[in-house]
Amino acid sequence: PNVAHWPNDATDLLVADWDTDGDLDLGYLRSGGEFGVLRNDGTGRFARDPAAIRQAGGTTGVILDSQLDGDPDLVVFDAVEEARLLWNDGRGVLN
């Protein structure tokens, strides 16, 4: 795959269909706690989605569908193992 703009300080890779378009995307967490997504355009090319960047507050994550709505949500853990749940709005933006 062609991966553009992979962050050098990524601490976790989270593979899911973040934007629910049928293609697997690459989510990542960075050492400063930022979450971002590299969107798959369906041809194996990935590009950063500026709208998906959020301060997640952790460097390790687990994907789940906490709302049972078919889109991936994210639980993020910080250095002291406190957890934070971020819901996916169905377009790959976590809140």
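Residues numbered from 1 in each chain as written. Predicted model: local features only at pLDDT ≥ 70, side-chain atom pairs only at ≥ 80, totals over all residues. Heavy atoms only, no water.

A. Main features of the nonpolar core. Among the nonpolar cores identified, the biggest contains twelve residues, and these are Leu14, Ala16, Trp18, Leu29, Phe35, Val37, Ala52, Ala56, Leu74, Val76, Leu86 and Leu94. At the level of secondary structure, the elements contributing two or more residues to this core comprise strand 2 (10-16), strand 4 (34-40) and strand 8 (73-77). Contact partners of Ala56, with chain neighbours within four places excluded, come to Leu29, Gly33, Glu34, Phe35, Val76, Arg84 and Leu86. (Core = buried A, V, L, I, M, F, W, Y, C linked by side-chain atoms within 4.5 Å. Buried < 20%, exposed > 50% of the residue type's maximum accessible area, 1.4 Å probe, protein only. Helix = DSSP H or I, 4+ residues; strand = E, 2+ residues; numbered from the N terminus. Contact = heavy atoms within 4.5 Å.)

B. How the structure looks around the environment of Asp78. Residue position: Asp78 is located in the loop between strand 8 and strand 9 (83-86). For Asp78, a relative accessible area of 22% corresponds to the partly exposed category. Expressed as a C-alpha distance, the spacing of Asp78 and Leu14, which sit 64 residues apart in the sequence, is 16 Å. Ignoring sequence-local partners within four residues, the contact set of Asp78 consists of Gly57 and Gly58. A distance of 3.0 Å separates a polar atom in the side chain of Asp78 from the backbone nitrogen of Val80. Polar contacts involving the side chain of Asp78 include one to the main-chain amide nitrogen of Glu82, which spans 2.9 Å. (Polar contact = N/O pair within 3.5 Å; in protein donor to acceptor, adjacent residues only side chain to side chain.)

C. Examining unusual backbone geometry more closely. Residue Thr20 is not a glycine yet carries a positive backbone phi of 50°. Mapped onto the elements, Thr20 comes out in the loop between strand 2 and strand 3 (25-30). Its relative accessible area of 38% is what places Thr20 among the partly exposed residues. Positioned with a positive phi, Leu68 is a non-glycine residue whose angle comes to about 55°. For Leu68, the location among the structural elements is in the loop between strand 7 (60-64) and strand 8.

D. Examining the pattern of salt bridges more closely. Evaluated as defined, the whole model comprises five salt bridges. Here Asp9 and Arg30 are joined by a salt bridge, their closest N and O atoms 2.7 Å apart. With Asp9 in the loop between strand 1 (2-3) and strand 2 and Arg30 in strand 3, the pair connects residues that are 21 residues apart, well separated along the chain. Judged by relative accessible area, which is 28%, Asp9 ranks as partly exposed. For Glu34, the salt bridge is made with Arg30, and the minimal N-O distance between the two is 3.2 Å. Via salt bridges that share partners, Asp9, Arg30 and Glu34 belong to a single interconnected network. (Salt bridge = Lys/Arg side-chain N within 4 Å of Asp/Glu carboxyl O.)

E. Spatial organisation of the sheet that holds strand 7. Strand order in the open sheet formed by three strands is 7-8-9, and the pairing between neighbours is antiparallel. On the outer flanks of this sheet lie strand 7 and strand 9, each paired with one strand and no other. Sheet twist, expressed as the mean angle between neighbouring strand axes with direction ignored, is 20°. Sheet topology places strand 8 next to strand 9; four bridges connect them, and they run antiparallel. Considered in strand 9, the bridge of Leu74 is made with Leu86. (Pairing = 2+ DSSP bridges. Axes fitted to C-alpha atoms, helices over the stretch in contact; angles between N-to-C directions.)

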